[in-house]
Amino acid sequence: MIIQFTKPFIMLFFFFFTFQVKLFLRGVLEIMQMMFREVHKENEHEEAVEEAGFGLFHGLLLVVCGWANASDAVEILCVSFLLPTARCDLHLSSSDMGLLTANIFLGMMIGGYMWGYLADQRGRQKVLVMSLTVNGVFGALASFAPRFWLFLLLRFISGVGVGGSIPVIFSYFSEFQPRLKRGAMISALATFWMAGNILAAGLAWLVIPRTWVRFSLGGLDFQSWRLFVVLCSVPSLTSALIFSLAMPESPRFLMEAGRETEALRVFCRMFAINHRGSLKTFSICGLHIPSEKKERETRRGGTHTLRFVNLKQCLAPIRQLFVGELASRSVCLVIIFYCISFGYYGLWMWFPELFKRAEDGGSPCANVSRLQSHDNQSCYPVKTAVYMEGFVTAASNLPGNIFTVLLMDVIGGKALLCCSLLLSSVSVFLIYEVKTKAQSLLISCVFSGVSVVAWNSLDVLGTELYPTQLRSSALGFFTGIGRVAAIMGNIVFGQLVDTNCAIPVLLVSALLLTGGITALRLPRTKQAELT
């Protein structure tokens, strides 16, 4: 009787148990399938990049992206070269010149995140074309500004364009690179910043002293420094033209967007250029894109045009940077970007003033500048020594750039970043020991050569620490943090350099030391696969 009574319960328990086991196994199977799809997607991208080979395509890509990177350097640095003569024509005070120097960084801060977000949502290539065009057009228009406020506004808008192209260009470039070549190639791309430095100094040396280049344009006295501003916009405009006519979209972005046919077409194009003259064919016939990627692209409307998005959408990637395993690395990079940008841009813009103080002997910080009225100073004839020093300082980047290209994939970005920041801190501290102008120039060259290793390492680490859908947004956000630091660095130096020069110099040294120690907390990414 008991057995007959409990038999239905046993059968019911057995049915319930087997049902739960089925649910559990189904859940495990779904999780494994999801993991397989993600791993398969990662492997397919890396396999396709490896199958496409490494050769002429990557060389051409380096030149085109490098020219865009150099154009950003030219646009930023041209202000420092035009100030000695433009201050007379625009009637600039010292505070005006400080505002003009910080103005472009403010534009870059705003543009960095805005363009970075759009690049992650709508594509790298489109955003590069637009940001480079904004940079070039408004940079050239600034040369025709008759008043300082208009010149300031146009330079600000140009800075918005610069802020977009800097982070996006590194995301775009890295997504074409084979895993074992990525570190060296990104380091090579970063060396074009030095080329931009030299180009800006060379143009200034060639054009600005030519005071006979002068004519009237309506009511505007168009002098040589205005022609220099126009010429500095040419690299950005030509880069925008090349990207719009000849450069493909990032295949990694296309795969994330569910556009497998276009991604496969890009890989085939890479293969054809790298294996020109060979009978070998591209062996990958199709790319598997998870269905959720296609559905996401369909929800976007099936079009690839840039559209306005609300503020909440724009800020969503920032929140993702500080969630889960990304949180610790994001906090570290915020600190590092702030420290190096405050130190580099804050000190760099004031090197000429420190050189001037050392001309009479003694430490630059021991000689308090005498306040002089700009109205009593003549802008002409133009002194060319500042351009010579610019050439020497820019050329001092070369050893550091060669060092990073050769050793990035051997040592890794994390180790190079730590060491270069610590050495930069020591070189800034040595400013106390400077006794002559030659020694000041030597210290600036040492700082330039060592600090460029840190910048190159950040370029590599920034692309490898974040997934594709956040990469440009992350770089744009951290670049924006750097622009805030650059603005603050210039303000602090401007306020204290005449009263207590030791404070900003020691502050820069301490911040660089802090950045080097913080870099020890970053994960190791040497030759890691992009996610």
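Residues numbered from 1 in each chain as written. Predicted model: local features only at pLDDT ≥ 70, side-chain atom pairs only at ≥ 80, totals over all residues. Heavy atoms only, no water.

- As annotated in an unreviewed UniProt entry, the protein chain is Synaptic vesicle glycoprotein 2 from Oncorhynchus mykiss.
- What UniProt states about the protein chain under its Subcellular location (unreviewed entry) heading is, verbatim, "Membrane".
- Under Sequence similarities (unreviewed entry), UniProt gives the following word-for-word description of the protein chain: "Belongs to the major facilitator superfamily." (UniProt positions renumbered as here; feature names shortened; annotations may be inferred.)

**Description of the overall build of the protein chain**
Okay, so step 1: Helices and strands together make up the secondary structure of the protein chain, namely 20 helices and 2 strands.
Okay, so step 2: Contacts in the protein chain between residues far apart in sequence, at least 24 positions, make up 84% of those at least 6 positions apart.
Okay, so step 3: In the form shown here, the protein chain has an accessible surface area of approximately 23,800 Å², with 69% of it arising from carbon and sulfur atoms. (Helix = DSSP H or I, 4+ residues; strand = E, 2+ residues; numbered from the N terminus. Contact = heavy atoms within 4.5 Å. Areas by Shrake-Rupley, 256 points an atom, 1.4 Å probe, with all protein chains shown as cover.)

**Some thoughts on helix α6 (residues 182-190)**
Okay, so step 1: For α6, a buried count of 9 out of 9 residues is recorded, marking the element as mostly surrounded by other parts of the structure.
Okay, so step 2: Among the residues of α6, those classed as buried are Arg182, Gly183, Ala184, Met185, Ile186, Ser187, Ala188, Leu189 and Ala190. (Buried < 20%, exposed > 50% of the residue type's maximum accessible area, 1.4 Å probe, protein only.)

**Here's the deal with the pattern of salt bridges**
Okay, so step 1: With the rule as written, the count across this model stands at 4 salt bridges.
Okay, so step 2: For Glu175, the salt bridge goes to Arg124, with nearest N and O atoms at 2.6 Å. Highlighted residues: Glu175 in the loop between α5 (148-174) and α6 and Arg124 in helix α4 (residues 124-141), separated in sequence by 51 residues. Each member of the pair, Glu175 as well as Arg124, is classed as buried.
Okay, so step 3: With a shortest N-O distance of 3.5 Å, Arg252 and Glu256 are connected by a salt bridge. Placement of the pair is Arg252 and Glu256 together in helix α9 (residues 251-256), with a separation of 4 residues, close to one helical turn. Of the two residues examined, Arg252 and Glu256, each falls in the buried class. (Salt bridge = Lys/Arg side-chain N within 4 Å of Asp/Glu carboxyl O.)

**Things to note about the packing of aromatic side chains**
Okay, so step 1: Summed over all chains, the structure comprises 15 aromatic pairs.
Okay, so step 2: Aromatic side chains Phe151 and Trp225 sit 5.9 Å apart centroid to centroid with 75° between the ring planes, which places their arrangement in the edge-to-face category. Of this pair, Phe151 sits in helix α5 while Trp225 is found in helix α8 (residues 224-246), placing the two residues 74 residues apart along the sequence. Taken as a pair, Phe151 and Trp225 share a single burial class, namely buried.
Okay, so step 3: Positioned above the aromatic ring of Phe54, the side-chain terminus of Lys181 is 5.2 Å from the ring centre. (Phe/Tyr/Trp six-rings, centres within 6.5 Å; stacked < 30°, edge-to-face > 60°. Lys NZ or Arg CZ within 6 Å of the ring centre and 35° of its normal.)

**Some remarks on the packing of helix α2 (residues 56-89) against α6**
Okay, so step 1: Two elements in contact, α2 and α6, have axes separated by 8 Å at closest approach and are oriented at 40°. The two elements α2 and α6 meet at a crossing, and its hand is right-handed. Taken together, the residues of α6 that come into contact with α2 (itself represented by His58, Leu62, Cys65, Gly66 and Asn69) are Met185, Ala188, Leu189 and Ala190. (Axes fitted to C-alpha atoms, helices over the stretch in contact; angles between N-to-C directions. Left-handed = near helix turned anticlockwise from the far one by under 90°.)

**Some words on the environment of Thr133**
Okay, so step 1: Looking at where Thr133 falls in the secondary structure, it is placed in helix α4.
Okay, so step 2: In this structure, the C-alpha to C-alpha distance between Thr133 and Val162, residues 29 residues apart in sequence, is 9.6 Å.
Okay, so step 3: Once residues within four sequence positions are removed from consideration, Thr133 is found in contact with Leu237 and Ala240.

**Comments concerning a nonpolar patch on the surface**
Okay, so step 1: Together, Val137, Leu141, Phe144, Phe215, Leu217 and Leu237 line one region of the surface with nonpolar side chains, adding up to about 480 Å² of accessible area.
Okay, so step 2: If you list the elements that add at least two residues to the nonpolar patch, you get α4 and β1 (215-217).
Okay, so step 3: Within the secondary structure layout, Leu237 lies in helix α8.
Okay, so step 4: In this structure Leu237 comes out as partly exposed when scored by relative accessible area, which is 33%. (Patch = residues over 30% accessible without salt bridge, like charges linked within 9 Å, V, L, I, M, F, W, Y side chains within 5 Å.)

**Quick notes on helix α13 (residues 326-348)**
Okay, so step 1: Taking 1.5 Å per residue, 23 residues should reach 33 Å; α13 reaches 32 Å between its end C-alpha atoms and fits that length.
Okay, so step 2: Most of α13 is tucked away, with 18 of its 23 residues classed as buried. (Expected span 1.5 Å × (residues − 1).)

**Concerning the environment of Arg122**
Okay, so step 1: Turning to its location among the elements, Arg122 is positioned in helix α3 (residues 94-122).
Okay, so step 2: On the accessibility criterion, Arg122 (9% relative accessible area) is buried.

**Remarks on the confidence of the model for the protein chain**
Okay, so step 1: Mean pLDDT over the protein chain: 76, with 76% of residues reaching 70 or higher.
Okay, so step 2: A low-confidence stretch, residues 12-42 (pLDDT under 50), is modelled with 13 contacts involving residues beyond four sequence positions or located in other chains.
Okay, so step 3: Per-residue pLDDT stays below 50 along residues 291-309; that stretch engages in 31 contacts with residues further than four places along the chain or on separate chains. (pLDDT = per-residue confidence, 0-100.)

**Examining the side chain of Glu175**
Okay, so step 1: When its relative accessible area of 0% is taken as the criterion, Glu175 is described as buried.
Okay, so step 2: There is a polar contact of 2.5 Å between the side chain of Glu175 and the side chain of Ser250. (Polar contact = N/O pair within 3.5 Å; in protein donor to acceptor, adjacent residues only side chain to side chain.)

**Regarding the nonpolar core**
Okay, so step 1: In this structure, Phe243, Leu333 and Leu417 are the most contacted members of the largest nonpolar core, which totals 100 residues.
Okay, so step 2: Ranked by residues supplied to this core, first place goes to α13 with 12 residues.
Okay, so step 3: If near-sequence neighbours (up to four positions away) are discounted, Phe243 is found in contact with Val64, Cys65, Ala68, Gln125, Leu128, Val129, Leu132, Ile169 and Tyr172. (Core = buried A, V, L, I, M, F, W, Y, C linked by side-chain atoms within 4.5 Å.)

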